[in-house]
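Next come the chains, spelled out residue by residue.
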Amino acid sequence: MKYLYIIPGHGETEKMRKYQKIKSLAKKLDYTPVVISVDWEGNKSIQECVRVTEKQIKHYGSTEQSTILGFSFGACILALLLKKVSFKKAIFCSISPYFKEDMSLWPEKEAKETRKYFRGDRFAQSLMKESFPIPTEQPVVFLVGSKEGAMCISRAQRSLDLWKGTKELFVILHANHNIGNVHYLKQLLSILRLVCVQ
């Protein structure tokens, strides 16, 4: 069976309209969509979230013919997960710029405000101590909206530059940091269609 695994963004769940839309698009392409249940309210570290994600995916068996996407903080989980699990294609949607090396690139005032904002959030705090993992040969696509912040676009570009395997980057015009944006969904659908025929 061909699955599309979806790791939602921070505080987001399968019940949200945007993930229901993605599931609907996936079904039209004969994917079986699976939205990973991330216990955001449990205040878990990113390492704990990776383990929980891996366990949920293993429940469905082989991943060789399956695709996975992660949005925002979900894309950060995906980056660490790929050290353990391989997929036909991995799609990073608006990966968050909060890895260890990202924080050194933020202007000092903004970096301080970011750390203050995420104080007490174990996921964000643990992410800021993690470096972007050494990329694998896993085929990947990076998506980012043209209306997202400069740091988000930079994170996507730097991730692409580091990657060793087959890779692509799409900057989606008129899209902000919202995977439910109509332009974002259109680009995502186009990529999923291509994966189907590869």
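Use the structure listed above.
Report follows, based on the coordinates. Only a predicted model underlies this, so the values are computations on that prediction, with no experimental measurement involved. (Residues numbered from 1 in each chain as written. Predicted model: local features only at pLDDT ≥ 70, side-chain atom pairs only at ≥ 80, totals over all residues. Heavy atoms only, no water.)

## Describing the sheet that holds strand 4 (residues 89–93)
Note on sheets: strands pair through backbone hydrogen bonds, and any given pair is parallel or antiparallel.
Part 1 of the reasoning: The six strands are arranged 2-1-3-4-5-6 in an open sheet whose pairing can be described as parallel. Single-partner strands in this sheet number two, and they are strand 2 (32–35) and strand 6 (167–172). Between one strand axis and the next, the sheet turns through 15° on average, direction left out of account.
Part 2 of the reasoning: Pairing between strand 1 (residues 3–7) and strand 3 (residues 67–71): four bridges, direction parallel. Counted as the bridge partner of leucine 4 is threonine 67 from strand 3.
Part 3 of the reasoning: This element, helix 1 (residues 17–28), spans strand 1, strand 2 and strand 3 of the sheet and lies at about 165° to strand 1.
Part 4 of the reasoning: Packed onto the sheet, helix 3 (residues 73–81) meets strand 1, strand 3 and strand 4 and runs at close to 135° relative to strand 3. (Pairing = 2+ DSSP bridges. Helix = DSSP H or I, 4+ residues; strand = E, 2+ residues; numbered from the N terminus. Axes fitted to C-alpha atoms, helices over the stretch in contact; angles between N-to-C directions. Contact = heavy atoms within 4.5 Å.)

## Side note on unusual backbone geometry
Part 1 of the reasoning: Of note, serine 72 is a non-glycine position whose phi angle comes to about 60°, a positive value.
Part 2 of the reasoning: Structurally, serine 72 can be placed in the loop between strand 3 and helix 3.
Part 3 of the reasoning: For histidine 174, which is not glycine, the phi dihedral falls at a positive 70°.
Part 4 of the reasoning: Among the structural elements, histidine 174 can be located in the loop between strand 6 and helix 8 (182–197).

## Observations regarding the pattern of salt bridges
Part 1 of the reasoning: Under the counting rule described, the total for this entry stands at nine salt bridges.
Part 2 of the reasoning: Note that arginine 122 and glutamate 48 form a salt bridge whose closest N and O atoms lie 3.0 Å from each other. With arginine 122 in helix 6 (residues 122–127) and glutamate 48 in helix 2 (residues 46–58), this residue pair connects regions lying 74 residues apart in the sequence.
Part 3 of the reasoning: Arginine 122 sits in the partly exposed class, given a relative accessible area of 41%.
Part 4 of the reasoning: Judged by its relative accessible area of 23%, glutamate 48 is partly exposed.
Part 5 of the reasoning: Bridged by salt links that share partners, the residues Glu101, Asp102, Arg155 and Arg158 form one connected network. (Salt bridge = Lys/Arg side-chain N within 4 Å of Asp/Glu carboxyl O. Buried < 20%, exposed > 50% of the residue type's maximum accessible area, 1.4 Å probe, protein only.)

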